[in-house]
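# Fold and geometry: a report
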Amino acid sequence: MEKRSVTVAAVDVEALEREAQGAIAAASTRAALDEARIRYLGRRSELKQALRGVRDRESGMALNAVRERLEAAIDAREAELELTELKRLDEALDVTLPGAPLRRGHLHPLTQIIREVEDIFLGLGYEIVDSREVETVWHNFDALNQPLTHPSRSHRDTFYIDAETLLRAHTSTGQIRTMETRRPPLYIATIGRVYRRDTPSPRSTPNFHQVEALAVDREITLADLKGTLMHFVRAMFGEDRQVRVRTNYFPFTEPSVEFDVTCFLCGGTGCVFCRYSGWFEMGGAGVVDPAVFENVGYDPEEWSGFAWGLGIDRIAAQRHGIPDIRMFWENDLRVLEQF
Ligand code: DAH
(Lines give C-alpha, C1' and ligand atoms only; values in the text may rest on other atoms or scores of the structure.)
Protein backbone atom coordinates (compact mmCIF):
# COMPACT_ATOMS: atom_id res chain seq x y z
CA MET A 1 0.00 0.00 0.00
CA GLU A 2 1.33 3.37 -0.90
CA LYS A 3 1.94 5.59 2.06
CA ARG A 4 -0.02 8.79 2.04
CA SER A 5 1.97 11.90 2.41
CA VAL A 6 0.65 13.86 5.39
CA THR A 7 0.90 17.57 5.53
CA VAL A 8 -0.12 19.12 8.80
CA ALA A 9 -0.21 22.87 9.34
CA ALA A 10 1.99 23.33 6.28
CA VAL A 11 4.57 20.79 7.51
CA ASP A 12 5.69 18.02 5.18
CA VAL A 13 5.79 15.33 7.87
CA GLU A 14 7.42 12.74 5.67
CA ALA A 15 10.24 15.06 4.62
CA LEU A 16 10.67 16.14 8.23
CA GLU A 17 10.94 12.54 9.40
CA ARG A 18 13.45 11.70 6.67
CA GLU A 19 15.55 14.69 7.60
CA ALA A 20 15.37 13.83 11.30
CA GLN A 21 16.21 10.17 10.76
CA GLY A 22 19.16 11.25 8.64
CA ALA A 23 20.42 13.58 11.37
CA ILE A 24 20.01 10.89 14.04
CA ALA A 25 21.90 8.32 12.00
CA ALA A 26 24.63 10.85 11.24
CA ALA A 27 25.14 11.88 14.88
CA SER A 28 28.52 10.44 15.74
CA THR A 29 28.70 11.67 19.32
CA ARG A 30 26.22 11.90 22.14
CA ALA A 31 26.44 15.66 22.01
CA ALA A 32 25.49 15.64 18.33
CA LEU A 33 22.61 13.25 19.12
CA ASP A 34 21.36 15.61 21.85
CA GLU A 35 21.40 18.43 19.37
CA ALA A 36 19.30 16.39 16.96
CA ARG A 37 16.87 15.50 19.76
CA ILE A 38 16.35 19.17 20.63
CA ARG A 39 16.09 20.18 17.04
CA TYR A 40 13.49 17.55 15.99
CA LEU A 41 11.71 16.69 19.24
CA GLY A 42 12.33 19.71 21.44
CA ARG A 43 9.66 22.09 22.60
CA ARG A 44 10.29 24.45 19.71
CA SER A 45 10.71 21.79 17.07
CA GLU A 46 8.52 21.83 13.97
CA LEU A 47 7.02 18.51 15.07
CA LYS A 48 6.00 19.74 18.54
CA GLN A 49 4.60 22.91 17.07
CA ALA A 50 2.62 20.91 14.54
CA LEU A 51 1.37 18.65 17.31
CA ARG A 52 0.18 21.63 19.26
CA GLY A 53 -1.70 22.91 16.20
CA VAL A 54 -3.38 19.60 15.43
CA ARG A 55 -7.17 19.63 15.32
CA ASP A 56 -8.04 16.25 13.80
CA ARG A 57 -7.43 12.73 15.03
CA GLU A 58 -5.78 11.43 11.88
CA SER A 59 -3.10 14.10 11.78
CA GLY A 60 -2.55 13.71 15.51
CA MET A 61 -2.02 9.99 15.15
CA ALA A 62 0.31 10.43 12.21
CA LEU A 63 2.41 13.03 13.99
CA ASN A 64 2.57 11.00 17.19
CA ALA A 65 3.67 7.98 15.21
CA VAL A 66 6.51 10.05 13.74
CA ARG A 67 7.41 11.29 17.21
CA GLU A 68 7.50 7.75 18.54
CA ARG A 69 9.63 6.50 15.67
CA LEU A 70 12.07 9.36 16.11
CA GLU A 71 12.28 8.78 19.86
CA ALA A 72 12.95 5.09 19.27
CA ALA A 73 15.60 5.94 16.67
CA ILE A 74 17.29 8.31 19.10
CA ASP A 75 17.27 5.70 21.88
CA ALA A 76 18.72 3.09 19.53
CA ARG A 77 21.37 5.47 18.29
CA GLU A 78 22.23 6.44 21.85
CA ALA A 79 22.74 2.81 22.80
CA GLU A 80 24.96 2.35 19.76
CA LEU A 81 27.08 5.37 20.59
CA GLU A 82 27.41 4.28 24.18
CA LEU A 83 28.66 0.91 23.05
CA THR A 84 31.28 2.29 20.68
CA GLU A 85 32.42 4.69 23.35
CA LEU A 86 32.80 1.84 25.82
CA LYS A 87 34.68 -0.19 23.26
CA ARG A 88 37.05 2.66 22.63
CA LEU A 89 37.66 3.07 26.35
CA ASP A 90 38.16 -0.65 26.65
CA GLU A 91 40.85 -0.62 24.04
CA ALA A 92 42.62 2.30 25.69
CA LEU A 93 42.39 1.08 29.26
CA ASP A 94 41.74 -2.34 30.66
CA VAL A 95 41.62 -1.83 34.38
CA THR A 96 41.77 -5.57 34.96
CA LEU A 97 45.19 -5.89 33.33
CA PRO A 98 48.16 -6.25 35.69
CA GLY A 99 50.13 -3.00 35.94
CA ALA A 100 53.24 -2.45 33.87
CA PRO A 101 56.18 -3.63 35.96
CA LEU A 102 58.22 -0.77 37.42
CA ARG A 103 61.97 -1.04 37.06
CA ARG A 104 63.30 -1.05 40.60
CA GLY A 105 66.62 0.55 41.29
CA HIS A 106 69.05 -0.61 43.92
CA LEU A 107 72.02 0.66 45.84
CA HIS A 108 75.36 1.01 44.09
CA PRO A 109 77.64 -1.94 44.91
CA LEU A 110 80.01 0.41 46.74
CA THR A 111 77.17 1.78 48.86
CA GLN A 112 76.10 -1.77 49.66
CA ILE A 113 79.61 -2.60 50.88
CA ILE A 114 79.82 0.64 52.87
CA ARG A 115 76.58 -0.27 54.67
CA GLU A 116 77.92 -3.73 55.43
CA VAL A 117 81.13 -2.27 56.81
CA GLU A 118 79.09 0.08 58.99
CA ASP A 119 77.01 -2.85 60.25
CA ILE A 120 80.09 -4.83 61.22
CA PHE A 121 81.49 -1.90 63.18
CA LEU A 122 78.20 -1.15 64.85
CA GLY A 123 78.03 -4.81 65.85
CA LEU A 124 81.40 -4.38 67.55
CA GLY A 125 80.10 -1.39 69.48
CA TYR A 126 81.92 1.18 67.36
CA GLU A 127 80.48 4.53 66.48
CA ILE A 128 80.41 5.66 62.84
CA VAL A 129 81.63 9.25 62.59
CA ASP A 130 81.60 11.52 59.56
CA SER A 131 84.60 13.54 58.66
CA ARG A 132 85.20 16.21 56.06
CA GLU A 133 86.66 15.68 52.59
CA VAL A 134 88.18 19.15 52.31
CA GLU A 135 90.85 19.12 54.99
CA THR A 136 93.71 21.07 56.43
CA VAL A 137 97.30 19.99 55.89
CA TRP A 138 97.47 19.73 59.68
CA HIS A 139 94.75 17.07 59.91
CA ASN A 140 95.88 15.15 56.86
CA PHE A 141 99.65 15.16 57.55
CA ASP A 142 101.08 17.13 60.48
CA ALA A 143 98.87 15.81 63.29
CA LEU A 144 99.43 12.29 61.97
CA ASN A 145 103.15 12.72 62.47
CA GLN A 146 103.86 12.72 58.75
CA PRO A 147 107.44 13.99 58.20
CA LEU A 148 107.77 17.14 56.12
CA THR A 149 109.84 15.20 53.63
CA HIS A 150 107.31 12.40 53.11
CA PRO A 151 106.58 11.98 49.36
CA SER A 152 102.81 11.82 49.87
CA ARG A 153 102.89 15.53 50.77
CA SER A 154 103.97 16.37 47.25
CA HIS A 155 101.68 18.15 44.81
CA ARG A 156 102.18 15.21 42.55
CA ASP A 157 100.47 12.90 45.07
CA THR A 158 97.91 15.09 46.78
CA PHE A 159 95.24 17.50 45.50
CA TYR A 160 95.93 20.84 47.15
CA ILE A 161 93.40 23.65 47.21
CA ASP A 162 95.89 26.11 48.68
CA ALA A 163 98.99 25.87 50.90
CA GLU A 164 96.96 24.83 53.96
CA THR A 165 93.99 23.09 52.40
CA LEU A 166 93.66 19.85 50.45
CA LEU A 167 91.31 17.03 49.52
CA ARG A 168 91.95 14.40 52.19
CA ALA A 169 94.27 11.66 51.00
CA HIS A 170 93.08 9.17 53.61
CA THR A 171 90.35 8.76 56.21
CA SER A 172 92.97 8.78 58.99
CA THR A 173 92.00 12.46 59.26
CA GLY A 174 88.87 11.18 61.02
CA GLN A 175 91.08 10.02 63.92
CA ILE A 176 92.42 13.50 64.49
CA ARG A 177 89.08 15.26 64.06
CA THR A 178 87.47 12.94 66.60
CA MET A 179 90.27 12.95 69.17
CA GLU A 180 90.49 16.77 69.03
CA THR A 181 86.95 17.11 70.29
CA ARG A 182 86.40 14.02 72.44
CA ARG A 183 87.95 12.23 75.38
CA PRO A 184 88.80 8.51 75.42
CA PRO A 185 87.74 5.75 75.53
CA LEU A 186 86.88 5.90 71.84
CA TYR A 187 85.83 3.23 69.39
CA ILE A 188 85.09 4.89 66.09
CA ALA A 189 85.09 4.27 62.35
CA THR A 190 85.15 6.84 59.56
CA ILE A 191 84.09 5.86 56.06
CA GLY A 192 84.26 8.05 53.00
CA ARG A 193 85.89 9.32 49.86
CA VAL A 194 89.57 10.05 49.62
CA TYR A 195 91.57 11.70 46.85
CA ARG A 196 94.98 11.01 45.37
CA ARG A 197 96.68 12.05 42.20
CA ASP A 198 96.87 8.53 40.82
CA THR A 199 96.54 7.64 37.18
CA PRO A 200 93.41 5.54 36.80
CA SER A 201 94.23 1.85 36.40
CA PRO A 202 92.51 -1.46 37.16
CA ARG A 203 93.78 -1.23 40.74
CA SER A 204 93.57 2.46 41.52
CA THR A 205 91.47 5.54 40.85
CA PRO A 206 92.17 9.17 41.88
CA ASN A 207 89.04 9.10 44.01
CA PHE A 208 88.22 6.05 46.10
CA HIS A 209 86.80 5.08 49.48
CA GLN A 210 88.42 4.09 52.74
CA VAL A 211 87.33 2.98 56.14
CA GLU A 212 89.40 4.01 59.13
CA ALA A 213 89.00 2.39 62.51
CA LEU A 214 90.34 3.80 65.76
CA ALA A 215 90.20 2.35 69.25
CA VAL A 216 91.59 4.31 72.19
CA ASP A 217 91.39 2.88 75.67
CA ARG A 218 93.63 1.72 78.48
CA GLU A 219 96.11 -1.07 77.75
CA ILE A 220 95.25 -1.67 74.13
CA THR A 221 97.74 -3.94 72.37
CA LEU A 222 98.56 -5.29 68.94
CA ALA A 223 96.60 -8.43 69.87
CA ASP A 224 93.40 -6.37 70.16
CA LEU A 225 94.14 -4.97 66.74
CA LYS A 226 94.62 -8.37 65.19
CA GLY A 227 91.49 -9.78 66.83
CA THR A 228 89.33 -6.94 65.56
CA LEU A 229 90.83 -7.20 62.12
CA MET A 230 90.23 -10.97 61.93
CA HIS A 231 86.65 -10.47 62.98
CA PHE A 232 86.16 -7.80 60.36
CA VAL A 233 87.73 -9.79 57.54
CA ARG A 234 85.75 -12.93 58.33
CA ALA A 235 82.48 -11.04 58.64
CA MET A 236 83.23 -9.42 55.32
CA PHE A 237 84.60 -12.30 53.31
CA GLY A 238 83.72 -15.51 55.12
CA GLU A 239 84.97 -17.69 57.97
CA ASP A 240 87.57 -19.50 55.91
CA ARG A 241 89.60 -16.38 55.14
CA GLN A 242 93.15 -16.11 56.40
CA VAL A 243 94.75 -12.83 57.39
CA ARG A 244 98.47 -12.21 57.06
CA VAL A 245 100.16 -9.37 58.89
CA ARG A 246 103.49 -7.96 57.67
CA THR A 247 105.60 -5.32 59.35
CA ASN A 248 105.61 -1.95 57.67
CA TYR A 249 106.04 1.74 58.43
CA PHE A 250 103.37 4.40 58.88
CA PRO A 251 104.25 7.65 60.63
CA PHE A 252 101.11 7.57 62.78
CA THR A 253 101.57 4.07 64.19
CA GLU A 254 104.35 2.25 65.99
CA PRO A 255 104.62 -0.64 65.40
CA SER A 256 102.94 -0.55 61.99
CA VAL A 257 101.74 -3.45 59.90
CA GLU A 258 100.20 -4.13 56.57
CA PHE A 259 97.65 -6.88 56.26
CA ASP A 260 96.67 -9.19 53.46
CA VAL A 261 93.71 -11.52 52.99
CA THR A 262 93.67 -14.80 51.11
CA CYS A 263 92.48 -14.39 47.53
CA PHE A 264 88.71 -14.75 47.21
CA LEU A 265 89.04 -16.50 43.87
CA CYS A 266 91.57 -19.26 44.50
CA GLY A 267 91.39 -19.30 48.29
CA GLY A 268 95.13 -18.87 48.55
CA THR A 269 96.53 -21.37 46.08
CA GLY A 270 97.41 -18.68 43.54
CA CYS A 271 95.65 -17.50 40.38
CA VAL A 272 95.75 -14.76 37.75
CA PHE A 273 93.60 -12.53 39.95
CA CYS A 274 96.07 -12.45 42.85
CA ARG A 275 99.05 -12.61 40.51
CA TYR A 276 99.79 -16.12 41.79
CA SER A 277 100.58 -14.90 45.29
CA GLY A 278 97.39 -16.28 46.92
CA TRP A 279 97.06 -12.99 48.87
CA PHE A 280 95.44 -9.61 48.52
CA GLU A 281 96.77 -6.48 50.11
CA MET A 282 93.95 -4.96 52.17
CA GLY A 283 95.31 -2.07 54.19
CA GLY A 284 97.50 -0.73 56.94
CA ALA A 285 97.28 -0.81 60.71
CA GLY A 286 99.23 -0.26 63.86
CA VAL A 287 99.43 0.87 67.45
CA VAL A 288 98.81 4.61 67.65
CA ASP A 289 102.07 6.52 67.85
CA PRO A 290 102.46 8.52 71.10
CA ALA A 291 103.30 11.60 69.00
CA VAL A 292 99.77 11.49 67.53
CA PHE A 293 98.23 11.37 71.00
CA GLU A 294 100.36 14.34 72.03
CA ASN A 295 99.17 16.28 68.97
CA VAL A 296 95.56 15.95 70.12
CA GLY A 297 96.25 16.45 73.80
CA TYR A 298 95.92 12.84 75.02
CA ASP A 299 98.42 11.58 77.56
CA PRO A 300 100.28 8.67 75.88
CA GLU A 301 101.19 7.31 79.31
CA GLU A 302 97.52 6.89 80.14
CA TRP A 303 96.00 5.98 76.81
CA SER A 304 96.87 3.48 74.11
CA GLY A 305 95.13 2.58 70.91
CA PHE A 306 95.17 0.92 67.55
CA ALA A 307 94.09 2.12 64.14
CA TRP A 308 93.68 0.62 60.76
CA GLY A 309 92.55 1.70 57.36
CA LEU A 310 91.61 -0.07 54.17
CA GLY A 311 90.21 0.59 50.73
CA ILE A 312 86.48 -0.06 50.27
CA ASP A 313 86.67 -0.25 46.48
CA ARG A 314 89.12 -3.11 46.72
CA ILE A 315 86.87 -4.96 49.13
CA ALA A 316 83.97 -4.57 46.72
CA ALA A 317 86.12 -5.72 43.81
CA GLN A 318 87.17 -8.78 45.79
CA ARG A 319 83.69 -9.62 46.89
CA HIS A 320 82.26 -9.43 43.39
CA GLY A 321 85.24 -10.66 41.44
CA ILE A 322 85.57 -7.38 39.58
CA PRO A 323 88.91 -7.23 37.79
CA ASP A 324 88.99 -3.43 37.34
CA ILE A 325 87.85 -0.99 40.06
CA ARG A 326 87.25 1.74 37.49
CA MET A 327 84.06 -0.16 36.67
CA PHE A 328 82.55 1.18 39.90
CA TRP A 329 82.86 4.72 38.60
CA GLU A 330 81.72 4.24 35.04
CA ASN A 331 78.03 3.83 35.92
CA ASP A 332 77.52 1.33 33.16
CA LEU A 333 74.11 -0.16 33.97
CA ARG A 334 75.07 -3.47 32.40
CA VAL A 335 77.64 -3.81 35.17
CA LEU A 336 75.72 -2.20 38.05
CA GLU A 337 72.55 -4.21 37.43
CA GLN A 338 74.40 -7.38 38.31
CA PHE A 339 74.68 -6.51 42.00
N1 DAH B 1 96.07 5.92 56.07
C2 DAH B 1 96.74 4.79 55.48
C3 DAH B 1 96.63 4.86 53.97
O4 DAH B 1 95.81 5.56 53.48
C5 DAH B 1 96.14 3.51 55.92
C6 DAH B 1 96.42 3.27 57.37
C7 DAH B 1 97.60 2.68 57.77
C8 DAH B 1 95.52 3.66 58.32
C9 DAH B 1 97.87 2.43 59.08
C10 DAH B 1 95.79 3.45 59.67
C11 DAH B 1 96.99 2.83 60.03
O12 DAH B 1 94.94 3.77 60.61
O13 DAH B 1 97.20 2.57 61.33
O14 DAH B 1 97.35 4.20 53.31
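For clarity, every value in this text was computed on a predicted model and none was experimentally measured.

## Topic: the pairing of strand E8 (residues 243-250)
Relative to strand E9 (residues 253-262), E8 is paired through seven bridges, and the arrangement is antiparallel. Within the sheet, the bridge partner assigned to Phe 250 lies in E9 and is Thr 253. The turn joining E8 and E9, which pair antiparallel and follow one another in sequence, is formed by two residues.

## Let's talk about the pattern of salt bridges
A complete count under the given rule lists 18 salt bridges for this structure. Note that Arg 37 and Glu 78 form a salt bridge whose closest N and O atoms lie 3.6 Å from each other. Taken together, the residues Arg 37 in helix H2 (residues 30-41) and Glu 78 in helix H4 (residues 57-92) connect sequence positions 41 residues apart. A relative accessible area of 22% places Glu 78 in the partly exposed class. A salt bridge links Glu 302 to Arg 218; the nearest nitrogen and oxygen atoms lie 2.5 Å apart. Of this pair, Glu 302 sits in the loop between helix H9 (290-295) and strand E11 (304-311) while Arg 218 sits in the loop between strand E7 (207-217) and helix H8 (222-237), placing them 84 residues apart in sequence. Salt bridges sharing common partners tie together Arg 244, Arg 246, Glu 258 and Asp 260.

## Regarding unusual backbone geometry
Geometrically, the link from Pro 184 to Pro 185 is a cis peptide bond, its omega value of 0° lying close to zero. For Pro 185, the location among the structural elements is in the loop between helix H7 (173-181) and strand E6 (186-195). Cis geometry is adopted by the peptide bond preceding Pro 255, which originates at Glu 254 and carries an omega value of 0°. With respect to the element layout, Pro 255 can be found in strand E9. You will see that Arg 275, though not glycine, has its phi angle at about 55°, which is positive. Looking at the secondary structure, you find Arg 275 in the loop between E9 and strand E10 (279-288).

## Focus on the pairing of E11
For E11, the tally of buried residues reaches eight of eight residues, placing the bulk of the element in the interior. The alternating pattern of E11 places Ser 304, Phe 306, Trp 308 and Leu 310 and Gly 305, Ala 307, Gly 309 and Gly 311 on opposite faces, both of which are buried. As paired strands, E7 and E11 are joined by eight bridges and run antiparallel to one another. Counted as the bridge partner of Leu 214 is Ala 307 from E11. Bridge count between E10 and E11: five bridges; the pairing is antiparallel. By the bridge assignment, Gly 286 is partnered in E11 with Ala 307.

## Some details on the domain arrangement of the protein
Assigned domains of the protein: these are domain 1 (10-92) and domain 2 (109-336). When each unit is reduced to the centre of its C-alpha atoms, the spacing between domain 1 and domain 2 is 87 Å.

## Some details on the packing of H8 against helix H10 (residues 312-320)
Contact geometry of H8 with H10 gives a least axis separation of 11 Å together with a crossing angle of 45°. The orientation of H8 with respect to H10, classified from their angle, is oblique. Contacts between H8 and H10 involve Phe 232, Met 236 and Phe 237 from the former and Ile 315, Gln 318 and Arg 319 from the latter. Split into classes, the residues belonging to the contact of H8 with H10 amount to four nonpolar, one polar and one charged.

## So, the site of the ligand
Neighbouring residues of the ligand: 15 residues in total, closest His 170, Ser 172, Arg 196, Gln 210 and Glu 212. In this structure, an oxygen atom belonging to the ligand sits 3.5 Å away from a side-chain N or O atom of Gln 175. Between the ligand and Ala 307 there is a distance of 3.0 Å, counted from an oxygen atom to a backbone nitrogen or oxygen. Breaking the shell around the ligand down by element, the ones donating at least two residues are E7, E10 and E11.

Rules of the game
Residues numbered from 1 in each chain as written. Predicted model: local features only at pLDDT ≥ 70, side-chain atom pairs only at ≥ 80, totals over all residues. Heavy atoms only, no water. Pairing = 2+ DSSP bridges. Helix = DSSP H or I, 4+ residues; strand = E, 2+ residues; numbered from the N terminus. Salt bridge = Lys/Arg side-chain N within 4 Å of Asp/Glu carboxyl O. Buried < 20%, exposed > 50% of the residue type's maximum accessible area, 1.4 Å probe, protein only. Domains from an automatic or database assignment. Axes fitted to C-alpha atoms, helices over the stretch in contact; angles between N-to-C directions. Parallel < 35°, antiparallel > 145°, perpendicular 65-115°, else oblique. Contact = heavy atoms within 4.5 Å. Nonpolar A, V, L, I, M, F, W, Y, C, P; charged D, E, K, R; others polar. Near = heavy atom within 4 Å. Polar contact = N/O pair within 3.5 Å; in protein donor to acceptor, adjacent residues only side chain to side chain.

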